[in-house]
Amino acid sequence: MIRLLYSSQAAQDITEQDITNILEQSRKNNIDADITGVLVYGGHLFMQVLEGPELAVLKKYVTICEDSRNSLSKIIYISYTDKRMFADWSMGAIQCKPVTLQKIFDLNSRATETIEPASFREAMRDFLRRLNSAK
Ligand SMILES: Cc1cc2nc3c(=O)[nH]c(=O)nc-3n(C[C@H](O)[C@H](O)[C@H](O)COP(=O)(O)O)c2cc1C
């Protein structure tokens, strides 16, 4: 299995209804594809964790990259794993203040080159801690 975390920019004209549709589609499709994860959104940014069989996750990521509801996607972390962090979520959703997500986005952009796959778990915990304290 792999776990992939990416960020992307939402389309300028994205609506709440689009987010609802994305989550509905995700929850339906991800069960079939054995994918779990979480979608964090706020303002015009997305961050999403996808975890599951390598091929399924990579294929899904390509599909998402081609989706006109977002653009400029960038992989922040990718790592092999034998344990899911979001086993109970076919696709969880966290709505976050735009400004907070922008801060996390900037921090993670800077950290990309320095984080080793081995420290992924700690980085993800830190990411979730920051998200929780931002709510
Ligand atoms: C930010 C974002 C995240 C998405 N996440 C998922 C996902 O986790 N699973 C999924 O199946 N589709 C996801 N989608 C939707 C896909 O890009 C695509 O529209 C959908 O999988 C097509 O589903 P369908 O073949 O059932 O029509 C996401 C789209 C966006 C913009």
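Please refer to the structure placed before this passage.
Along each chain, the written sequence defines residue order, and numbers are assigned to residues from 1. Per-residue local features of the predicted model are confined to residues with pLDDT of at least 70, and side-chain atom pairs are confined, for both listing and counting, to 80 or more; whole-chain, interface and lining totals are unaffected and use all residues. Only heavy atoms go into the side-chain values, all of them from the structure, while hydrogens and water stay out.

Student: Now, about the nonpolar core: what can you tell me, with residues and values included?
Tutor: As used in this record, nonpolar core signifies buried Ala, Val, Leu, Ile, Met, Phe, Trp, Tyr and Cys residues forming a set joined through side-chain atoms within 4.5 Å. Burial classes follow relative accessibility: with a 1.4 Å probe on protein chains only, a residue under 20% of its type's maximum area counts as buried, one over 50% as exposed, and anything between as partly exposed. Ranked by internal contacts, the top residues of the largest apolar core, which has 17 residues, are Tyr6, Ile19, Leu39, Phe46, Leu50 and Val57. Counting from the N terminus, the helices are the DSSP runs of H or I reaching at least four residues and the strands are the DSSP runs of E reaching at least two. Of all the elements in the fold, those that place two or more residues in this core are strand E1 (2–10), helix H1 (16–33), strand E2 (36–42), strand E3 (45–52) and helix H2 (54–65). If you tally residues by element for this core, the top one is E1, at four residues. Formed by 13 residues, the second largest nonpolar core is a distinct cluster that contains Val40, Leu45, Tyr77 and Ile94.

Student: Pulling in residues and values, what's your account of the pattern of salt bridges?
Tutor: By definition, a salt bridge exists where a carboxyl oxygen of Asp or Glu is found within 4 Å of a side-chain nitrogen of Lys or Arg. According to the stated counting rule, one finds three salt bridges in the structure shown. We note a salt bridge from glutamate 51 to arginine 3, for which the minimum N-O separation is 2.9 Å. In this pair, glutamate 51 sits in strand E3 while arginine 3 sits in strand E1, placing the two residues 48 residues apart along the sequence. Its relative accessible area of 2% is what places arginine 3 among the buried residues. Between arginine 69 and aspartate 67 there is a salt bridge; the shortest N-O distance is 2.7 Å. On the basis of relative accessible area, aspartate 67 is assigned to the partly exposed category, the value being 23%.

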